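Spelled out, the chains give:
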Amino acid sequence: MSTTQMSKESATEAPSATTIETKLEVVVLPVSDVERSKRFYMSLGWRLDADFAAGDDWRGVQLTPPGSPCSVIFGKGFTAAVPGSVQGTFLVVDDVKAARAALIGRGVEVSEVFHFEGPLNVIGTNGRVPGPDPQGRSYQSWASFSDPDGNSWMLQEIKTRLPGRGFSIDVATLTALLRETEEHHGEYEATAPKHHWSDWYAAYMVARVQGRTPEEAAKEGKVHMENVRG
C-alpha cells in the first residue's frame, strides 16, 4: 500500500479470477556518476545483484534493498531521464525511527521523522509536520533522504497492513523454496540436537524471502534454533 488516503472499497478490493500477476521488479534511477551511485547504495547495505557492461557506452548496475522483492537499476546509456529526477520512491519499514537511526549510522543524511498535515506530497517539504503521526497509525509516519544526484526516498512506517496487502508468492516459487529449505535443513539436522523442523524452516524461508543467500539463510536458521533452545 503506497497511498495514505484511499476508500475502504479500494483497500479491500480483491483481484478477479482473470487477473494476471504483474510484479514490479525494477525501478530505473537516473544518475550522473555510476561509480558514485554504486558506492552510495552499497553503503546503505543494499545487495549488489549485477554490474554488467556492453562496450564503453552502456553499463547497468542493479541493487536490492534488504527484504525487498523490487530492485533498482542505474548506469549509462539506457535512460534519458535527468539525473535526480526520480522523487519520493517509498521504502517501507516496520519502525521508522529505527530505520532512520540505522541509515544515519551508515553515514546517510536523513530527515527528522515527520507526518503530513494535509495530503501526501513527495516534492520538497510542503505539508510536513515534525514528529511521527500523533495517533501512531500505519502508513502515516515518514522520514526521507536522497542519493548524491538528488533522487529522493521516503521511509514509510507500516506496522499493520490494510487487508489484501503483504506477502504474496506463487505456487511454483513456494514449491521450489520448500524443496530448497528441505535440502538445507537435512544438512543441519544431521548434526543438530533434536528440534522441531518447522522452527528451522520458518527462519530459513523468511531469510530467503528477505534476500539472503541460501548459505546466509542456513546460518539464520541455526542462530534461530540456538535462541529457541536458549
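Please read these numbers as outputs of a predicted model, since none were measured by experiment.

Overview of the pairing of strand β4 (residues 71–76)
For a regular strand, side-chain orientation follows a simple rule: the groups alternate between the two sheet faces. In terms of burial, β4 is largely enclosed, as five of its six residues are buried. Where strand β1 (residues 26–28) meets β4, three bridges bridge the pair, whose relative direction is parallel. By the bridge assignment, Val-28 is partnered in β4 with Ile-73. Two strands pair when backbone bridges link them, and strand β3 (residues 59–64) and β4 are joined in this way by five bridges, in the antiparallel orientation. Within β4, the position partnered with Gly-60 by the bridge is Gly-75. With antiparallel pairing between neighbouring strands as the criterion, β3 and β4 make up a hairpin whose turn holds six residues, including Gly-67 at a positive phi of roughly 80 degrees.

Thoughts on the pattern of salt bridges
Scanning the entire structure with this criterion turns up nine salt bridges. With a shortest N-O distance of 2.6 Å, Arg-59 and Glu-35 are connected by a salt bridge. Here the residue Arg-59 occupies a position in strand β3, and Glu-35 occupies one in helix α2 (residues 34–43), the gap between them amounting to 24 residues. Residue classification places Arg-59 among the buried positions, given a relative accessible area of 18%.

Comments concerning helix α5 (residues 197–209)
Taking 1.5 Å per residue as the helical rise, α5 with its 13 residues ought to reach 18 Å, and the 18 Å between its terminal C-alpha atoms agrees with that figure. Of the surrounding elements, those touching the buried residues of α5 are α4 (171–189) and α6 (214–229).

A word on the environment of His-196
Along the chain, His-196 falls in the loop between α4 and α5. As a C-alpha pair, His-196 and Met-225 span 29 residues in sequence and 9.3 Å in three-dimensional space. Polar contacts involving the side chain of His-196 include one to the side chain of Ser-198, which spans 2.7 Å.

A look at the environment of Asp-94
On the secondary structure map, Asp-94 appears in the loop between β5 (89–93) and α3 (96–105). Taking C-alpha positions, Asp-94 is 5.4 Å from Ile-158, a pair spaced 64 residues apart along the chain. Setting aside residues no more than four positions away along its own chain, Asp-94 makes contact with Glu-157, Ile-158 and Lys-159.

A closer look at the sheet that holds β3
Neighbouring strands of a sheet are bound in pairs by backbone hydrogen bonds; such pairs are parallel or else antiparallel. Taken in spatial order, the four strands make up an open sheet running β1-β4-β3-β2, and their pairing is mixed. Across the chains shown, the open sheet's two edge strands, defined by having one partner strand only, are β1 and β2 (47–53). Taking the axes of each pair of neighbouring strands and ignoring which way they run, one obtains an average angle of 20 degrees across the sheet. Along the sheet, α2 contacts β2, β3 and β4; its crossing angle with β3, the most-contacted strand, is approximately 10 degrees.

Parameters and conventions
- Residues numbered from 1 in each chain as written.
- Predicted model: local features only at pLDDT ≥ 70, side-chain atom pairs only at ≥ 80, totals over all residues.
- Heavy atoms only, no water.
- Buried < 20%, exposed > 50% of the residue type's maximum accessible area, 1.4 Å probe, protein only.
- Helix = DSSP H or I, 4+ residues; strand = E, 2+ residues; numbered from the N terminus.
- Pairing = 2+ DSSP bridges.
- Salt bridge = Lys/Arg side-chain N within 4 Å of Asp/Glu carboxyl O.
- Expected span 1.5 Å × (residues − 1).
- Contact = heavy atoms within 4.5 Å.
- Polar contact = N/O pair within 3.5 Å; in protein donor to acceptor, adjacent residues only side chain to side chain.
- Axes fitted to C-alpha atoms, helices over the stretch in contact; angles between N-to-C directions.

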